[in-house]
Amino acid sequence: MHITVSLAERSYPIYVQTGLLDKLGAIIAADHPASSYAIITDSTVGKLYGSRVQAPLADAGCPVTYHEFEAGEASKNPATVATLCSELARAGHDRTSVVIALGGGVAGDIAGFVASIYLRGISCVQIPTTLLAQVDSSVGGKTGVDLPEGKNLVGTFSQPSAVFIDPDVLHTLPDDQFIAGLAEVIKYGVIRDPEFLVYLDAHREPILARRPDALIHVIKTCCLIKAAVVAEDEKEGDIPAHPQFSATPSATRWRRPLISPSCTATRWPSAWWRRRGWRYGTRCSQRSGRSTCRHLLHATACPPRSRRSLTAVALHRILAPIRNGWAPRCFSSCPPMKDRYS
Ligand SMILES: NC(=O)c1ccc[n+]([C@@H]2O[C@H](COP(=O)([O-])OP(=O)(O)OC[C@H]3O[C@@H](n4cnc5c(N)ncnc54)[C@H](O)[C@@H]3O)[C@@H](O)[C@H]2O)c1
């Protein structure tokens, strides 16, 4: 059972399954044979999950090396990439080696970039461990690092060979990171799938409790949407349809690289919404319409550093207007996602 990202000869599967992490050594050894494997991860994820990926590969007789960098966005720079490339060269990895990217979006972006440039490009499989990475950054093939001049200024488009998602790893994820990922999840619903917003509304408690059944549905739905978006346009394939949903451009000023914290609907006049076919737009000048926009955008753009907790009650308030028929008009032209989970 997997989702396929359809890109002709560069198509690849996304597996979503609880307990997958402990089976991965055998699966990778069988489905992605290589002369050697290089696990690239950060210092936090490495301690939690590194050996659970490395040991089964080593037990299966595969040469495997382990490479760790300091956790955090500050490591996402060319120096880390150069260090990792040197480590791979010293370890003797060749053109038939496979990089295993284990971690959140930072590890995925760095390891994917290293794989795409080492020996002019070797294969990479992604094992995302944050909710954000599981629903967004591990799919689509965007890799890269930041420069002092800006975020993600150096990088490549390089699709992974496979993405392996185990929702169980989210149980160790700090709350603020989980909520940051949930903001991305809500964004998928806002932009592409109103039925998904209704699901989020109805299942807010199991989702916030990180129950596996709810998480699997959420992750699969997001991956289906992301896979469809990437298949439509590999290079521009991105969910954001609004500047408020984009990353903050300045590498020197952002704290969280997610979304501009200054986001409020009040900064966008009702005409902006009208032009985009949002029914909200016509109601923005009305009392509840404007506050609906603001709640929705605050939810999707809630900066984790503000430590605003997205409680079950808050999620209910955000999604209730949508459940009651306040869906954006643009949704009517967006057919429901076909279930391509095969
Ligand atoms: N390539 C893309 O398409 C794309 C899309 C969106 C975001 N991104 C990038 O993703 C990055 C942000 O990713 P992120 O939010 O995952 O941050 P991250 O990778 O820094 O992870 C956040 C923190 O959580 C820790 N962590 C990760 N998994 C854990 C787990 N299971 N248990 C406990 N701790 C865990 C990490 O060590 C880190 O300290 C940014 O650099 C952004 O540019 C890339």
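Presented here is a report on the structure given in the accompanying data block. Nothing here was measured: the structure is a model prediction, and the numbers come from that model. (Residues numbered from 1 in each chain as written. Predicted model: local features only at pLDDT ≥ 70, side-chain atom pairs only at ≥ 80, totals over all residues.)

**Observations concerning the site of the ligand**
Around the ligand, a shell composed of 29 residues is seen, among which T44, G104, G105, T130 and S137 lie nearest. Tallied by class, residues from the shell around the ligand come to 11 nonpolar, 12 polar and six charged. Both domains that meet at the shell around the ligand, namely domain 1 (3-172) and domain 2 (175-333), each give it at least three residues. (Near = placed C-beta within 6 Å. Nonpolar A, V, L, I, M, F, W, Y, C, P; charged D, E, K, R; others polar. Domains from an automatic or database assignment.)

**Comments concerning the sheet that holds strand β4 (residues 64-69)**
A sheet is described by the order of its strands in space; here seven strands give the open sequence β1-β2-β9-β6-β5-β3-β4, paired in mixed fashion. If you trace the sheet from one side to the other, it starts and ends with β1 (3-5) and β4, each paired once. Ignoring strand direction, the axes of neighbouring strands in this sheet form an average angle of 20°. In this structure, strand β5 (residues 98-103) lies alongside strand β6 (residues 123-128), joined through six bridges in parallel fashion. For A101, the partnering residue across the bridge sits in β6 and is Q126. Docked against the sheet, helix α2 (residues 43-59) engages β3 (37-42), β4, β5 and β6, running at close to 165° with respect to β3. Strand contacts of helix α9 (residues 212-232): β1, β2 (12-16) and β9 (162-165), with the helix running at about 25° to β1, the strand carrying the most contacts. (Pairing = 2+ DSSP bridges. Helix = DSSP H or I, 4+ residues; strand = E, 2+ residues; numbered from the N terminus. Axes fitted to C-alpha atoms, helices over the stretch in contact; angles between N-to-C directions. Contact = placed C-beta atoms within 7 Å.)

**Overview of unusual backbone geometry**
Positive phi, close to 50°, is recorded for L119, a residue that is not glycine. Relative to the helices and strands, L119 resides in the loop between α4 (105-117) and β6. A positive phi is found at R120, a non-glycine position, where the angle reads about 65°. Locating R120 in the fold gives a position in the loop between α4 and β6. The class for R120 is exposed, based on 7 C-beta atoms found within 10 Å. (Buried ≥ 20, exposed ≤ 12 C-beta atoms within 10 Å, placed from the backbone.)

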